[in-house]
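# Coordinate analysis (summary)
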Amino acid sequence: MVEAVLIDLFSLPANLQNNIQGLLHSTLETIEKCSSIHAPCVYVMCCQRQGSERKDEQEFLFPALRGFQRLNRRLEVVCAQTTAAALYTIKQRLDEKDLSIIKVILPTLRKDLMKVYIDHLFTAVYRFEFEDLQVVSDCESLQISEPQHEGQTLPSQDVALIQSEIQMYLESLPSLKGELTILRSSLIPDDIFLHGFTTRTGGISYIPTLSSCNLFSSSKRRDPQVVVKENLRRLANAAGFNPEAFHRVKIDHANAVCIMGKTEPDNYDGIVTNQKGVTLAAPGADCIPVLFADPVRKACGAAHSGWKGTLLGVSMATVNAMVSEYGCNMKDILVVLGPSVGPCCYKLPHESAKEFHRIDPKCVRLFDSASPYIDIRRATRILLERGGILPENIQDDSITDQNQNITFCTACHPDKFYSHFRDGTNFGTQIGFISIKD
């Protein structure tokens, strides 16, 4: 069943301009008639002319809106100067109500254009179907059908213009939840390396569990790639790295490592380089973003270490790659564990807890319970030390000076960090990043 209807009056062809009120009235009439049981939310999208106020546009359409009492509370006119601005505003309304199945009623000439906007501003969470504005006439038009996957028909230059319009609009949006904040370690020398761990402030993501500086897009979440790209652009500006030379690990929850400049694996949880100006990143939303730096050989790395990756030794695999590829000495490598779920909050089933107990009994609390508490940070430190990393070259939550602590528990600090454990499946993601300065 359709949950929302979007009527696109943004750029009507000239032959329909004079009948805009009649078209809207007949369309709303059909929606109301066919929605006696379930009234969908209805959004009317129109162009706000330069110098005009939104209320002027609504007043112009008011005669067509009058009389639709059943739809009245679920009917909204959205006026903006660009399609990107109008559609993004409507996306916010849909997300506020957790709506995902949308019928778009629009002029035929706008269909291919609208599909490009939707492809960029929405993810696979949403389902769209399209109806010709001139042929809405029966109740069948409000029954959801399987979405059609049609090939791209717009010229590439038109697609580029749409992408530019979207980017300019997103860049104009204010940052949410305060300024962008980056946590830095005193262990990594800042005259050689640029690095940091992000928090959740300073971006434009507005969905509560994703707000505001979410740095990962997924087909299962509501933040599209363009929003994540804008968040990354703002981070890059604040931190001082080039977002076009940014490489994030491709998570597999295992221990494969990518060597920059060599063939890239399909999936990997560690990445290393000795190239200047290339920024490496590892995400985390409970899993540990781990950064590696060798100031002697001038090499660096990043790893994503969840409980599976920790057991599989992803951190030592990253260290070993730096040693074998760049001739690093184990005793020169510095390792920093970023914000991640702490032993205060993190639980695993007993069978998985056994593996951490084998590393060290201190990695498990309440071992005899069905779901013991797990310390993946301690396990990571122990495995690094056993591999040859000096204890003093590892920074984690065991640091005694709390003013220097950056390994916060993500689950305990909802104002600062995202947490899958705390927020569920539609969670946001922060990152740890590092590069060698030019």
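Details of the structure are given in the entry above.
Below: a short report on this structure. (Residues numbered from 1 in each chain as written. Predicted model: local features only at pLDDT ≥ 70, side-chain atom pairs only at ≥ 80, totals over all residues. Heavy atoms only, no water.)

In this section: the pairing of strand S4 (residues 101-106). Of all 6 residues in S4, 6 are buried; the element is thus mostly enclosed. Side chains of S4 alternate between two faces, with Ile101, Lys103 and Ile105 and Ile102, Val104 and Leu106 buried alike. Looking at chain direction, S4 and strand S5 (residues 127-132) are connected through 6 bridges and run parallel. The residue of S5 that forms the bridge with Ile101 is Arg127. Considered for its hand, the β-α-β crossover made up of S4, helix H6 (residues 111-121) and S5 is right-handed. (Buried < 20%, exposed > 50% of the residue type's maximum accessible area, 1.4 Å probe, protein only. Helix = DSSP H or I, 4+ residues; strand = E, 2+ residues; numbered from the N terminus. Pairing = 2+ DSSP bridges. Right-handed = clockwise from strand over helix to strand, strands pointing away.)

We now examine the sheet that holds strand S8 (residues 246-248). Here we have 5 strands laid out as an open sheet, ordered S6-S7-S18-S11-S8, and mixed in their pairing. Two strands bound the open sheet, and with one partner strand each, they are strand S6 (182-183) and S8. Pairing geometry for S6 and strand S7 (residues 193-198), over 2 bridges, is antiparallel. The residue bridging Leu183 from the neighbouring strand is Phe197, located in S7.

Moving on to the nonpolar core. Judged by nonpolar contacts, the single largest core of 40 residues is most densely connected at Leu87 and Leu170. Among the elements of the structure, strand S1 (4-8), strand S2 (41-47), strand S3 (75-80), helix H5 (83-96), S4, H6, helix H7 (156-172) and helix H8 (225-239) are those that each provide at least two residues to this core. Element by element, the count of residues in this core is highest for H5, at 7 residues. Composition of this core by domain shows at least three residues from each of domain 1 (4-136 + 153-171) and domain 2 (176-436). Apart from the residues lying within four places of it in its own chain, the contact partners of Leu170 are Tyr88, Ile204, Val226, Val227, Glu230 and Arg234. Counting residues in hydrophobic clusters, the runner-up holds 37 residues, among them Ile259, Val319, Ile359 and Leu384. (Core = buried A, V, L, I, M, F, W, Y, C linked by side-chain atoms within 4.5 Å. Domains from an automatic or database assignment. Contact = heavy atoms within 4.5 Å.)

All right, on to the sheet that holds strand S17 (residues 394-395) then. Strands sit in the order S9-S10-S13-S12-S14-S17 across an open sheet of 6 strands; the sheet is mixed. Each having just a single partner strand, strand S9 (257-259) and S17 make up the two edges of the open sheet. Across 2 bridges, strand S14 (residues 334-337) lies against S17 in parallel orientation. In the sheet register, Val336 faces S17, and the bridge partner there is Gln395. Contacting S9, strand S10 (270-273), strand S12 (288-294) and strand S13 (299-305), helix H10 (residues 314-326) runs over the sheet at an angle of about 160° to S13. (Axes fitted to C-alpha atoms, helices over the stretch in contact; angles between N-to-C directions.)

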